[in-house]
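# Understanding the architecture of this molecule
The chain contents come next:
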Amino acid sequence: MESKKIAVLSGKGGTGKTFVSVNLADAAGTSVYIDCDVEEPNGHLFFKPALTAEEKVTVKIPVVNHDLCTGCRKCTEFCRFNALAYLKNKVKVFEDICHSCGGCMLVCPQKAIYEKDVSVGKVEIGTSRGVKILSGIMDIGKASGVPIIKKLLETGSKDAITIVDCPPGSACVTMESIKDADFCILVAEPTLFGVHNLSMVHELVGLFEIPYGSVLNKCIDGKNPAEKYCNDNDIKILGRFDYDKELGRLNAQGEIMSRIDKSYNEKFIELLNVVLEEVK
Amino acid sequence: MKIAIPVNEKNTKSGICPSFGRAPWFMIYDTEIKKESFLDNSAASSAGGAGIKAAQLLVDQDIKGVITPRCGQNAAEVIQGADIQIIKSQGEDIEENIRLFENGKLTPLDEIHAGYHNHGK
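One structure accompanies this document, and this report is about it. A quick note: this is a predicted structure, and the numbers were derived from the prediction, not measured.

### Some thoughts on the overall build of chain B
Helices and strands together make up the secondary structure of chain B, namely three helices and five strands. When its helices and strands are written in sequence order, chain B yields β-β-β-α-β-α-β-α. Its C-alpha atoms give chain B a radius of gyration of 13 Å, near enough to 14 Å, the size a compact globule of 121 residues would have. Taken along the three principal axes of its C-alpha coordinates, chain B extends 35 × 25 × 25 Å. Taken across its 121 residues, chain B has 45% of its residues classed as buried. In chain B, once contacts between residues fewer than 6 apart in sequence are set aside, the share between residues at least 24 apart is 47%. By element, 48% of the accessible surface of chain B is carried by carbon and sulfur atoms, the whole surface being about 6200 Å².

The following block contains the structure:
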């Protein structure tokens, strides 16, 4: 099987990223499914994996030894995120703003800064039939899921096709999720709002120079603004799924359509083949 | 004593800026000599942590109070950590707020927001 990494994204939540990702991973037979939506991972609700491992994710946060600090402020001037302030002759660290670059520690001439590990979340690993499932879960109250996504993508297997279920939107967490992808699937809804969000991720994958195509979801009779956007912008439509009330019901119950419905299984195998042809 | 106010432009007529961390200028007013000066807010263009950096600029000016319509949590931690008072402005008029402050008519800002971090307007 191809060891390609395919990222599934959309500008907004609820378009069907997880639906497409979960079913594609299942249709592939042997695959890796990575849930990078670490703020609200839900792929596991479909796979109900038997957990095999759990790994903590920590980041490095600076700690200042005030006895060694001479107040030169090299660290506060260095930090691009302004995570350090100097008041009352002491350096104050804003842990939630720190991006763990370690720069303050390097520029400190007194070696007064060291680092501590701070937990930001965890990665759960499990299996469901031939699919290896990795879910990232961010600790409540943490500011950024990026370190967890990094860990997820490092941990993912290299010898099977990997489906990356991305967070909604086009911010840092999405960029981190698609960074090493061989191909991006943009899932789009047939609404004007959906088109606006599609255009955001379209611009993003263009900046990353990753090949991409779209999947039109919840298609209904009549005009499809998302389809028009794809045609106007030369985005290849890889597949389409009609609006299906029964699908909505089963999906909401956590069923994997590709497992319980032959026609959906065939559709996803077809979609997978189209995508694999694109990344060949 | 010196107090600081986030303002829209480098003059006393431009109005108080609704943003603290990303205000283009701070007006520093010295209540003893009744004179103002203006401080370019170099934090306004920061990618992140503008409130912290702006607060640091003011802390380094040895001011005793900040008159502002609102203030984020991180900026407030820096300002209050340096024992500087955060005072709530009334309306947008800069001179009027100075007058109110000197007459003891302004009250402390008690609502500290969690910060907009580029998501607010």
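### Remarks on the packing of helix α1 (residues 17-27) of chain A against helix α11 (residues 262-279) of chain A
The relative placement of two packed helices is expressed as an angle between their axes plus a distance between the axes. All names here are of chain A. Where α1 meets α11, the closest approach of the two axes is 9 Å, and the angle between their N-to-C directions is 90°. Viewed along their axes, α1 and α11 adopt a mutual orientation that is roughly perpendicular. Mapping the contact onto sequence places Phe19, Val20, Asn23, Leu24, Asp26 and Ala27 in α1 and Tyr264, Asn265, Phe268, Ile269, Leu271 and Leu272 in α11.

### A word on helix α7 (residues 192-208) of chain A
Residues and elements named next belong to chain A. Given a rise of 1.5 Å per residue, 17 residues ought to cover 24 Å, and the 25 Å separating the end C-alpha atoms of α7 matches this to within 8%. In this structure, the buried residues of α7 make contact with β1 (5-9), α6 (172-178), β9 (183-188), β10 (212-219) and α8 (225-232). Where α7 terminates, the next one or two residues include Glu209, which has phi positive at roughly 55°.

### Topic: the sheet that holds β9 of chain A
Residue and element names in this part refer to chain A. Taken in spatial order, the nine strands of this open sheet run β3-β6-β7-β2-β8-β1-β9-β10-β11, and their pairing is mixed. Two strands bound the open sheet, and with one partner strand each, they are β3 (50-64) and β11 (237-242). Each strand axis lies, on average, 20° off the axis of its neighbour in the sheet, ignoring direction. Along the sheet, α7 makes contact with β1, β9 and β10, crossing β9 at roughly 170°.

The rules behind each value
Residues numbered from 1 in each chain as written. Chains lettered and ligands numbered in written order. Predicted model: local features only at pLDDT ≥ 70, side-chain atom pairs only at ≥ 80, totals over all residues. Heavy atoms only, no water. Helix = DSSP H or I, 4+ residues; strand = E, 2+ residues; numbered from the N terminus. Rg over C-alpha atoms; globule rule 2.2 N^0.38 Å. Buried < 20%, exposed > 50% of the residue type's maximum accessible area, 1.4 Å probe, protein only. Contact = heavy atoms within 4.5 Å. Areas by Shrake-Rupley, 256 points an atom, 1.4 Å probe, with all protein chains shown as cover. Axes fitted to C-alpha atoms, helices over the stretch in contact; angles between N-to-C directions. Parallel < 35°, antiparallel > 145°, perpendicular 65-115°, else oblique. Expected span 1.5 Å × (residues − 1). Pairing = 2+ DSSP bridges.

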